[in-house]
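Inside the fold
One letter stands for each residue in the lines below.
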Amino acid sequence: MTSWLNDPDVAHIDRTKLDFLQMLVFESNGLTQEQMLPFLMAVAKRGKENNISFTEEEVDTIIKTLQKYASPDDLAKMNKMTALFRKRNKL
């Protein structure tokens, strides 16, 4: 199976950003919904400390790309994480 990191749709995104996201996916594996928000807040802080940020276009492209490779369970988790981020950004 081809990795989402090598998908042509994300080829224009800096590899450092993609590697950061891959680490996020790996570290979040197995977290409960209650653990997810504190984890995402810590990840956001770590990203900021490392000067890693994403444009809205990059986020949308990454989400669409990940969805192509995701299992139904992973897709449900992604949708929850996306909803949390979008809700947080509206506050």
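See the structure printed just above.
1. Description of the pattern of salt bridges
- Under the criterion given, the structure shown has five salt bridges.
- The residue Asp7 makes a salt bridge to Lys68 at a minimum N-O spacing of 3.0 Å. With Asp7 in the segment before α1 (15-28) and Lys68 in helix α3 (residues 56-69), the pair connects residues that are 61 residues apart, well separated along the chain.
- Of the charged contacts in the structure, one is a salt bridge between Arg46 and Glu27, with a shortest N-O distance of 2.9 Å. Placement of Arg46 in helix α2 (residues 33-49) and of Glu27 in helix α1 is noted, with a sequence separation of 19 residues between them.
- Judged by relative accessible area, which is 33%, Glu27 ranks as partly exposed.
- Salt bridges sharing common partners tie together Asp7, Asp9 and Lys68.

2. A look at α1
- Taking 1.5 Å per residue as the helical rise, α1 with its 14 residues ought to reach 20 Å, and the 20 Å between its terminal C-alpha atoms agrees with that figure.
- Among all positions of α1, only Lys17, Leu18, Phe20, Leu21, Leu24 and Ser28 are buried. Down the axis of α1, the buried side of the element spans an arc of 155°, and every buried residue falls inside it. In α1, those exposed residues whose orientation departs by more than 90 degrees from the buried face are Thr16 and Phe26.
- Near the N-terminus of α1, the side chain that reaches the backbone nitrogen of Thr16, with its oxygen 2.6 Å away, is that of Asp14.
- Count one or two residues on from α1 and you reach Gly30, which has phi positive near 90°.

3. Quick word on the side chain of Thr61
- You can see Thr61 is positioned in helix α3.
- A residue is classified by how much of its surface remains accessible, and Thr61, at 17% relative accessible area, is buried.
- Once residues lying within four places of it in the same chain are set aside, the contact partners of Thr61 are Asp9, Val10, His12 and Ile13.

Procedures and definitions
Counting of residues starts from 1 at the beginning of each chain's written sequence and follows it residue by residue. Selection of residues for local features in this predicted model requires a pLDDT of at least 70, selection of side-chain atom pairs for listing and counting requires 80 or more, and totals for whole chains, interfaces and linings are taken over all residues. Hydrogens are left out, water is left out, and the side-chain values use all remaining heavy atoms of the structure. In the sections that follow, a salt bridge refers to a side-chain nitrogen of Lys or Arg positioned within 4 Å of a carboxyl oxygen of Asp or Glu. Helix and strand definitions follow DSSP, with helices as H or I runs of at least four residues and strands as E runs of at least two, each counted in order from the N terminus. When a residue's accessible area, from a 1.4 Å probe over protein chains only, is under 20% of the maximum for its type it is buried; when over 50% it is exposed; and in between it is partly exposed. Multiply 1.5 Å by the residue count of a helix minus one, and that product is the helix's expected span. Taken from the helix axis, the directions to the C-beta atoms give the arc we talk about. What qualifies as a polar contact is a pair of N or O atoms within 3.5 Å, subject to a donor-acceptor requirement within protein and to the restriction that residues adjacent in sequence count only when both atoms come from side chains. Whether two residues are in contact is decided by their heavy atoms, any of which lying within 4.5 Å being enough.

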